[in-house]
Structure formats: C-alpha cells, structure tokens
Amino acid sequence: MSDVPTDPAATDWCYETAAVQASIPRGLGQTVGVPIHAAAAFQFDTLEQAQGEFQNNTGLSYARLQNPTVRALEGRITALEGGAATVALASGQAATLTAILSACRAGDHVVSASSLFGGTTGMLNNILPLMGISATLVDNTPDAVRAAMQDNTRLVWAEMISNPAGDIADIGPFADIAHERGALLAIDNTCGGVGYLCRPLAFGADIVAQSLTKWAGGHGSVMGGSVTVGTGHDLSRNPSYTDGGDSSVLNVRGGEALAWRQRWLGASQLGMTLAPHSAFLIAQGLETLALRLSRECESALELARWLRTQPGVGRVSYPGLEDHPFHAQARRYLSHGCGAVLAFEVPDPAAFLSRLRVLRIAPNLGDVRTLVVHPWTTTHGRVPEAARRAAGVTPQTIRMSVGVEDVKDLKADIARAL
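In the nomenclature of an unreviewed UniProt entry, the protein chain corresponds to Cysteine synthase from the organism Deinococcus radiopugnans. Under the Cofactor (unreviewed entry) heading, UniProt states for the protein chain: "pyridoxal 5'-phosphate". Taken from UniProt, the Sequence similarities (unreviewed entry) comment for the protein chain reads in full: "Belongs to the trans-sulfuration enzymes family."

As structure tokens, then:
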C-alpha cells in the first residue's frame, strides 16, 4: 500500500488541484514539490523494527519495494484515479504484467477485447501461455465478452481508449459480466490520461493499469507505469487469494490483499521498480497534464474533421467524430475530450512520412510534440494479421498522437506531405 501523507481534502479536490497539491506535505522546512530520494536502502534502529517492516511492508526498507519519491507519485496517481492504492513500476508493460498476474495464476483464463496495444496482444498471446495462463481475444462488446467467459476466467481486460482504433470499453456492462463470474475487470487507462478523461474505477472497474510514459510524463523523457485499485473488488472466488485457509492472502491481508499482491509481484519479486528520478519527472508531468491534454483533445478533433476533407485521405478514426462506432460510449465515459490519438489512411504511408517537417516519426504517445507512426510495420508489426486488423490497423494506417503545437502548423505540414 502507498501511505504518503496527503491532505484529507485531496479526494474532494478538482483534478487540476489534486495534480499539483496531492502528496506534498505541509509544514516548516517541507519542500514545495516532490523531492528526489536517491537511496537504495533505509535504516532501522532495532532488530524488531526491521523484522516488523519486512513482515508488514508499510514503511521504508529497501528501494526495490518503496522509495519516498515513488510513494509520493503513487499517492498522487491514487488521488487522480479516485482509487485506494497504487504501485508505480518501470514501464507500462510492467504494469500490465503485474495487473494480470495479480488476478491470475497457472490454469487461469483472461478474456480481452481485441482492439489492443500491440505489446499487450503479444503478452496475452505469447508470454502468458508460458506461465500456463490462457487468453481469448474478442470483439469489444459485452455480448462477445460474455460468450467468451469460462469457469476459470479470473480477469476481463480492455482499453480506454484503444490504440489506435479509438474503441471505448463499455466499462459498466464489462464489470457486471466479470463480477457475475467472480472475475475482476482491469482497464488500461493509458489514453484516458491518468483519470483526466476517464476514471474507470468510478464505473465499476477493479484495476486500472497504465503507461505513465505517455501523458503523465508528457515530454517523451521518461518511462513508467502504474497499477491502481479501488475498494469494491471481490476476491472471495479467486483461489489465488482464498487457498490456504487461515493463512490465505485474503485472510491475512483483508481489503488490502489485491494492492499488496501487486506490489509484492511487480516490485518485490519481479523487480520492475520505478527509479526515483523517473518518479520525479512523472510527478512533475502530472502537474500540467490537464492543460496539455485538454488542448491536445481540441486539436485532435479539429484535425480529424479536417482530414476528412482532404483528397488522398481514406478512413479517419477518432471517437470524437459523431459517426464513429464508439462515439456514444465516448460521450458516456469520457470527460474533457475524446483523447489525443487518431488514425487515418493514406495510399502510400512511406512517401507521406518522408515528407513531414513538423510532425515526427516516433513510436510514442502523449508527447508535447505531435508524433506519427506506421503501426502495420512497427507497434503492431509482430502481431498476426487478423489481430492487427481487429485492432483497427491496416497497411495504409497512420497513427497520430497530437501534441500542443499550433494546429495551423500541423495542418500545413500534413497537407504538404499529402
């Protein structure tokens, strides 16, 4: 658990206030901001103190498990997502693995929407089977998810907002389906902007995983990931938590069992620890996330509408467009905009990309600079063709993550490249 001292009012603050105020103690000599604690270990006065800490993991002992800078970041993310606890990790992929393993063990099953980030598809199809965990990828609809559920399904997985198709997970029905079968619902909220566009926990999700490399860091300078849990999850039908009788994880850890297991797995056992300097950069990035993402969403919508009028541009996919198949769900689940990522098709992607002078070709999202990439050959290049198309990727697709530049310059650059 992350127990950073924060103002009790943090849960009532608006997003922009919590982003700059949460996890900063008040008092004489306290820093105004999050300091960097560069330390590998922390001291004890007695053997008994050390023993108690290694049993309970509530304080500071070894930096693989906890660090004051990382804990401050975790407290801020918890406030922004409206959760109960967060563990920050070295990357978004580390967060995904931790979230899945916190619900599943060998012999278990995952149901996932197929419109996914390529790295997640690869993990579900290639890595989890090595651990004895199977996965079924289905259309991003409640009916498809319900039909794929099995007796051993422990987790339902979906993205908010999917990359690059722009699908919007129907969180409420997905949560109902998962909970009816004793499973948990996990949402990858990377494109949801750390709770700014969407707070999945408020709609019934149990776990929120995300890449902090993107809008949280926001400047293309740092990598990180996080997993946040709420308070409403039910673990009573998950053998990973109930096996062992009086010594079971659920019996010993109670309401903190899920958060405890995620830190134990991701940080303690797998060592996917976020460095304190990275945590510092991400905490600073969070302070301007609302300002950046609000502008980026406005620009993305304007660009999507404009692209539809341009000769040589094929299908344009952006959930803010009224005829996008997930537009109604975008209006239901998203606030402050429909995200900063859009996709469009051009006849010759190589020629188009070679002519750009403002937009940059790079495989990141959420940067202050507008970035484009050809998913068919890069981010989804190793994914089977059927899965690529299920994720909204074709050989003509260009994915664009919109930055904070003046939209007039972006339009001029795209028009010249076309």
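**A few points about the UniProt feature "modified residue: N6-(pyridoxal phosphate)lysine" (unreviewed entry) in the protein chain**
Summarizing the sequence annotation, UniProt attributes the feature "modified residue: N6-(pyridoxal phosphate)lysine" (unreviewed entry) to Lys214 in the numbering used throughout. If near-sequence neighbours (up to four positions away) are discounted, Lys214 is found in contact with Thr190, Asn364, Leu365 and Gly366.

**Describing a nonpolar patch on the surface**
Together, Ile127, Leu130 and Met131 make up an exposed nonpolar region whose accessible area comes to about 290 Å². Within the fold, Ile127 resides in helix 5 (residues 118-127).

**Concerning the packing of helix 4 (residues 92-103) against helix 10 (residues 257-269)**
In the contact formed by helix 4 and helix 10, the axes pass within 9 Å of each other and the chain directions differ by 125°. Compared by their axis directions, helix 4 and helix 10 come out oblique. In terms of crossing hand, the pair formed by helix 4 and helix 10 is right-handed. Every residue of helix 10 that contacts helix 4 at Thr98, Leu101 and Ser102 is listed here: Leu258, Arg261, Gln262, Leu265 and Gly266. Taken together, the residues of the contact of helix 4 with helix 10 break down into three nonpolar, four polar and one charged.

**Focus: unusual backbone geometry**
Looking along the chain, the bond that leaves Met160 and enters Ile161 is cis, with omega of 0°. You can see Ile161 is positioned in the loop between strand 4 (153-159) and helix 7 (171-180). With an omega dihedral of 5°, the bond running from Asn163 to Pro164 counts as a cis peptide bond. The residue Pro164 is located in the loop between strand 4 and helix 7 in this model. One non-glycine residue, Val194, lies in positive phi territory at about 50°. Looking at where Val194 falls in the secondary structure, it is placed in the loop between strand 5 (184-188) and strand 6 (207-211). The buried category is assigned to Val194, whose relative accessible area is 2%. Even without being a glycine, His336 presents a positive backbone phi close to 70°. Tracing the backbone shows His336 in the loop between helix 13 (327-333) and strand 9 (341-345).

Each value, and the rule that gives it
Residues numbered from 1 in each chain as written. Predicted model: local features only at pLDDT ≥ 70, side-chain atom pairs only at ≥ 80, totals over all residues. Heavy atoms only, no water. UniProt positions renumbered as here; feature names shortened; annotations may be inferred. Contact = heavy atoms within 4.5 Å. Patch = residues over 30% accessible without salt bridge, like charges linked within 9 Å, V, L, I, M, F, W, Y side chains within 5 Å. Areas by Shrake-Rupley, 256 points an atom, 1.4 Å probe, with all protein chains shown as cover. Salt bridge = Lys/Arg side-chain N within 4 Å of Asp/Glu carboxyl O. Helix = DSSP H or I, 4+ residues; strand = E, 2+ residues; numbered from the N terminus. Axes fitted to C-alpha atoms, helices over the stretch in contact; angles between N-to-C directions. Parallel < 35°, antiparallel > 145°, perpendicular 65-115°, else oblique. Left-handed = near helix turned anticlockwise from the far one by under 90°. Nonpolar A, V, L, I, M, F, W, Y, C, P; charged D, E, K, R; others polar. Buried < 20%, exposed > 50% of the residue type's maximum accessible area, 1.4 Å probe, protein only.

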